[in-house]
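Remarks on the overall topology
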Amino acid sequence: MGFLTGKRAVIAGIASDRSIAWGIAQAMAREGAEIALTYQSERLAERVREMAAEIGASICLPLDVSSDDEIVRMYESLAGHWPSFDILVHSVAYAPRDQLVGRYLDTVTREGSLIAHDISSYSFVAMAKYGRSLLSKQSALLTLSYLGAVRSIPNYNIMGPAKASLEANVRFMAADLGAAGVRVNGISAGPIKTLAASGVGDFRQMLQHFASIAPLRRNVTIEDVGNAAAFLCSDLASGITGEIVYVDGGFHTVGMSMPD
Ligand code: 0WE
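Some remarks on the site of the ligand
What surrounds the ligand is the set Tyr-94, Ala-95, Arg-97, Leu-100, Tyr-146, Pro-154, Asn-155, Tyr-156, Ala-196, Val-200, Phe-203 and Met-206. Here Ala-95 contributes a backbone N or O atom positioned 2.7 Å from a nitrogen atom of the ligand. Within the side chain of Tyr-156, a nitrogen or oxygen atom sits 2.7 Å from an oxygen atom of the ligand. For the ligand, whose free accessible area comes to 590 Å², the fraction covered by protein is 89%. Its residues assigned to classes, the shell around the ligand comprises 10 nonpolar, one polar and one charged.

Rendered as structure tokens:
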């Protein structure tokens, strides 16, 4: 029997079969969870519905996290299927493309900063805010972060401060919801070639550099992240909240490395 048997999970952030959210959905389904998937736009509806079928997920709902209305409507629809749920996964980030190339002060704008923080950080808070009345007594919220939250990374630019804000939100939400039995954590994943990463200049070079430095000497996969996510959202992690867990092959622990 899987360690998520009896749990109901809502997962936001699938855009393709390379999405981290898809790795998480597969791992959670494998461990016995019932899954509901959300999709950002009609453009993605059919693809996400097919992927849902593949893991036996019967619920597929539209959700653009930039709209409070859409978040509220998503939970209203969800409540028609499930009286409560146990797991919320937020695997969503966005900054306008022009924010992610070039020197930080040359490219950052007020509008770009607002959008990056709204979609990549506040939307996690909004999903918790409007979903909390449906959360069960032993539930878990999870979001995805990146090392740029705590270290400067070339070209990551305003996404760094947005991820820093997201990680602070993990701690504030954990403090607020802990008494209700709700745990809130983040996974800081190493770089993975997803749709969101395609078009990021020199991404292949970044992956090679990462694998040469990380103690595990390889890149991480959506399976690596999915398994850690399933654990963190299960009762096996009942004592863990407000935490950022690095699923990065140890990359962030290295202070100096020598060529092999
Ligand atoms: O958080 C991310 C990427 C998030 C992201 C990606 C895009 C591409 C398409 C946010 N907004 C957009 N907007 C778009 O128009 N990662 C951790 C992956 C990533 O992105 C980078 C990285 C890494 C790693 C950008 C620059 C440098 C490194």
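From this point, things continue past the structure.
Points about the pairing of strand β5 (residues 135–145)
Most of β5 sits inside the fold, with nine of its 11 residues counted as buried. In the sheet, strand β4 (residues 85–90) pairs with β5 via five bridges, with the strands oriented parallel. Counterpart to Phe-85 in the pairing with β5 is Leu-135. The sheet contact formed by β5 and strand β6 (residues 182–189) spans seven bridges and is parallel. Residue pairing across strands places Leu-141 opposite Val-184, the latter belonging to β6. This β-α-β element, β5 to helix α6 (residues 159–177) to β6, shows right-handed connectivity.

Topic: the side chain of Ser-91
Take Ser-91: it is sitting in the loop between β4 and α4 (104–107). Looking at Ser-91, the relative accessible area reads 16%, which means it is buried. Ignoring anything within four residues of it in the chain, the contact list for Ser-91 reads Ala-12, Gly-13, Ile-20, Ala-21 and Leu-144.

Looking at the sheet that holds strand β3 (residues 59–62)
Pairing in this open sheet of seven strands is parallel, and the strands run β3-β2-β1-β4-β5-β6-β7 from one edge to the other. The open sheet has two free edges, formed respectively by β3 and β7 (244–247), since each of these has just one partner strand. Adjacent strand axes in the sheet meet at a mean angle of 20 degrees, parallel and antiparallel pairs treated alike. Looking at chain direction, strand β2 (residues 34–39) and β3 are connected through four bridges and run parallel. The partner of Tyr-39 across the bridge, within β3, is Pro-62.

As for the packing of helix α1 (residues 20–30) against helix α8 (residues 222–232)
Look at α1 against α8: their axes get within 7 Å of each other, and the N-to-C directions meet at 50 degrees. It follows that α1 is oblique to α8 by the angle criterion. Along this stretch, α1 crosses α8, giving a crossing that reads as right-handed. Facing Ile-20, Trp-22, Gly-23, Ile-24, Ala-27, Met-28 and Arg-30 of α1, the residues of α8 in contact are Ile-222, Val-225, Gly-226, Asn-227, Ala-229 and Ala-230. Across the contact of α1 with α8, the residue classes break down as nine nonpolar, three polar and one charged.

Some remarks on the side chain of Asn-169
Inspection of the secondary structure puts Asn-169 in helix α6. Side chain to side chain, Asn-169 and Ser-121 meet in a polar contact 2.9 Å long.

Focus: α6
Compared with an ideal rise of 1.5 Å per residue, which puts 19 residues at 27 Å, α6 spans 26 Å between its outermost C-alpha atoms and is within 8% of the ideal. On its buried face, α6 is in contact with β4, α5 (110–131), β5, β6 and β7.

Describing the state of the cysteines
Taken as a whole and judged by the stated rule, the model has zero disulfides. Left unpaired, Cys-60 is separated from the closest cysteine sulfur, that of Cys-233, by 19 Å.

Some points on the nonpolar core
Grouped together as the largest cluster of nonpolar side chains are 42 residues, with contacts concentrated most on Ile-11, Ile-24, Met-28, Ile-35, Leu-37, Ile-187 and Val-225. Mapped onto this core, the elements with two or more residues apiece are β1 (8–12), α1, β2, α2 (42–54), β4, β5, β6 and α8. At eight residues, the largest contribution of residues to this core is made by α1. Sequence-distant contacts of Met-28, defined by excluding residues within four places in its chain, comprise Leu-4, Ala-9, Ile-11, Ala-33, Ile-35, Ile-87, Val-89, Ala-229, Ala-230 and Cys-233. Counting 32 residues, the second-largest nonpolar core is a separate cluster that includes Leu-61, Ile-71, Leu-88 and Ile-244.

What counts, and at which threshold
Throughout this document, residue positions are counted from 1 along each chain, in the order its sequence is written. Where totals are concerned, whole chains, interfaces and linings use all residues; where local detail is concerned, this predicted model gives features only for residues with pLDDT of at least 70, and gives and counts side-chain atom pairs only at 80 or more. Heavy atoms throughout the structure, all of them, feed into the side-chain values; hydrogens and water do not. We call a residue near a given molecule or strand whenever any one of its heavy atoms falls within 4 Å of it. Polar contact criterion, stated in full: a pair of N or O atoms within 3.5 Å, where within protein one must be able to donate a hydrogen and the other to accept it, and residues adjacent in sequence count only if both atoms are side-chain atoms. For the area figures, the Shrake-Rupley method with a 1.4 Å probe applies, and any residue is considered shielded solely by the protein chains shown. When residues are sorted by character, Ala, Val, Leu, Ile, Met, Phe, Trp, Tyr, Cys and Pro go into the nonpolar class, Asp, Glu, Lys and Arg into the charged class, and all the rest, Gly among them, into the polar class. Note on classification: 1.4 Å probe, protein chains only; a residue is buried when its accessible area is under 20% of the maximum for its type, exposed when over 50%, partly exposed between these limits. What counts as a helix is a DSSP run of H or I of at least four residues, what counts as a strand is a run of E of at least two, and both are numbered from the N terminus. DSSP bridges decide pairing: two strands pair if at least two such bridges lie between them. Look down the strands so they point away from you; if the path from the first strand over the helix to the second goes clockwise, the crossover is right-handed. The contact criterion used throughout is that any non-hydrogen atoms of two residues lie within 4.5 Å. Structural elements are reduced to axes, namely lines fitted to C-alpha atoms, with helices fitted over the stretch in contact, and the angle between N-to-C directions of any two is expressed from 0 to 180 degrees. For classification, angles of less than 35 degrees are called roughly parallel, those exceeding 145 degrees roughly antiparallel, those between 65 and 115 degrees roughly perpendicular, and all remaining angles oblique. Handedness of a crossing follows from how the near helix is turned relative to the far one, being left-handed for an anticlockwise turn of less than a right angle and right-handed for a clockwise one. To estimate how far a helix should extend, the number of its residues minus one is multiplied by 1.5 Å. Disulfides are defined as cysteine sulfur pairs within 2.5 Å. Nine residue types can take part in a nonpolar core, namely buried Ala, Val, Leu, Ile, Met, Phe, Trp, Tyr and Cys, and a core is a set of them joined through side-chain atoms within 4.5 Å.

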